[in-house]
Amino acid sequence: MRAANGLVADVLAELQGIVGPGVTTRELDTLAEARVRSAGAIPAFKGYHGYPATLCTSVNDAVVHGIPSDTPLKDGDLVSIDLGVVLDGYYGDSAVTVGVGSISGSASTLLRVTREALARSIACARIGGRVSDLGHAVQQHVEANGFSVVREFVGHGIGTNLHEEPQIPNYGEPGHGPRLRAGMVLAIEPMVNMGRAAVRVLEDGWTAVTEDGSLSAHFEHTIAVQADGPVVLSRPNGEGGAEVASPGIVARSGAEG
Ligand code: MF3
Ligand code: CO
């Protein structure tokens, strides 16, 4: 799980360095697929229920599951880049949202609050806690900052399948659902809208967009529940790979979330 998720993080870090005005999300997708395959891994999303690409690239009001296209990114856009891989039978899954060129103050606040919500949720992934503590932490932080949490999509267990039990909603009361145990590996992925929470799916059958057209952000990490605390597996190998998450590590303002 460290190897698969370290690969995901390495590729996401490279893609973030390339994002800019004029770049197309198809170019990002082509590069991502080449990097994944040359590492001996397989893109996990491509072919999953017929999904056509290696990445999900969700621009501006797109929340998740945007399909890479030939439309160039432009200054001020937000793009969520979500990557899943299978390496030696184990899945990696992580996502970041990045600004293209210079973004508005409110867009940058949306990114920060979503990243912080993920960090706070990860910090709850401790032995003895419950699954609903994770979503409660997201909802509390997001709503305290005047944004809204998407209800239709959830985080998930991950291992030898992309999506395993339990589902991890990004909202709810704490103290419910399965107990967190050592060895559980979870993909936590808050989706946060600047406006209202409602989303709809476009005619392509995949792209989820905000109903009110407001901007949306999405960050995802795959983490392991361990005796010492949560370990973020989707950290770049180039940065030393997985570490036990301390508040300083998970909350730091690094672009990888
Ligand atoms: N990170 C997302 C998820 O866990 C992306 C899935 S895209 C799909 O659901 F194409 F695989 F569905
Ligand atoms: Co996921």
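Conventions and cut-offs
- Residues numbered from 1 in each chain as written.
- Chains lettered and ligands numbered in written order.
- Predicted model: local features only at pLDDT ≥ 70, side-chain atom pairs only at ≥ 80, totals over all residues.
- Heavy atoms only, no water.
- Buried < 20%, exposed > 50% of the residue type's maximum accessible area, 1.4 Å probe, protein only.
- Helix = DSSP H or I, 4+ residues; strand = E, 2+ residues; numbered from the N terminus.
- Pairing = 2+ DSSP bridges.
- Donors = N, O, S within 2.8 Å, 3.2 Å for Na, K, Ca; no water.
- Tetrahedral: all angles 85-135°; square planar, octahedral: opposite > 155°, others 65-115°.
- Near = heavy atom within 4 Å.
- Polar contact = N/O pair within 3.5 Å; in protein donor to acceptor, adjacent residues only side chain to side chain.
- Areas by Shrake-Rupley, 256 points an atom, 1.4 Å probe, with all protein chains shown as cover.
- Nonpolar A, V, L, I, M, F, W, Y, C, P; charged D, E, K, R; others polar.

Regular strands show a simple pattern: their side chains alternate between the two faces of the sheet. A large share of strand β4 (residues 78-87) lies buried, amounting to 10 of its 10 residues. Covered by surrounding structure in β4 are Leu78, Ser80, Asp82, Gly84 and Val86 together with Val79, Ile81, Leu83, Val85 and Leu87, the residues of both alternating faces. Of the pairings in the sheet, the one linking strand β1 (residues 42-43) to β4 comprises two bridges and is antiparallel in character. The partner of Ile42 across the bridge, within β4, is Val86. Note: strand β2 (residues 55-59) against β4, five bridges, orientation antiparallel.

Turning our attention to the side chain of Thr25. Along the chain, Thr25 turns up in helix α2 (residues 25-38). Exposure remark for Thr25: the relative accessible area of 3% places this residue in the buried category.

This part is about the coordination of the cobalt ion (ligand 2). For a metal bound by four donors in a tetrahedral arrangement, the ideal donor-metal-donor angle is 109.5 degrees, while six donors in an octahedral arrangement ideally sit at 90 or 180 degrees. Bound to the cobalt ion (ligand 2) are the protein donor atoms Asp93 (OD), His156 (NE2), Glu189 (OE) and Glu220 (OE), situated 2.1 to 2.3 Å from the metal. One way to put it: the six donor atoms around the cobalt ion (ligand 2) meet at angles of 66 to 171 degrees, and that makes the site irregular. One chain supplies every donor to the cobalt ion (ligand 2), and in sequence these donors are spaced D-x62-H-x32-E-x30-E. Within this pair, whereas Asp93 is found in strand β5 (residues 90-99), its partner His156 is found in strand β7 (residues 155-157), the two being separated by 63 residues in sequence. You'll find Asp93 and His156 in the same group, each marked buried.

This part is about the site of ligand 1. Near ligand 1 lie 13 residues; those nearest to it are Asp82, His156, His163, Glu189 and Glu220. His156 is positioned such that a nitrogen or oxygen atom in its side chain is 2.8 Å from an oxygen atom of ligand 1. Between ligand 1 and Glu189, the relevant distance is 3.1 Å, taken from an oxygen atom to a side-chain nitrogen or oxygen of the residue. Protein coverage of the free-state accessible area of ligand 1, which is 330 Å², stands at 94%. Among the residues forming the shell around ligand 1, the class breakdown is six nonpolar, three polar and four charged.

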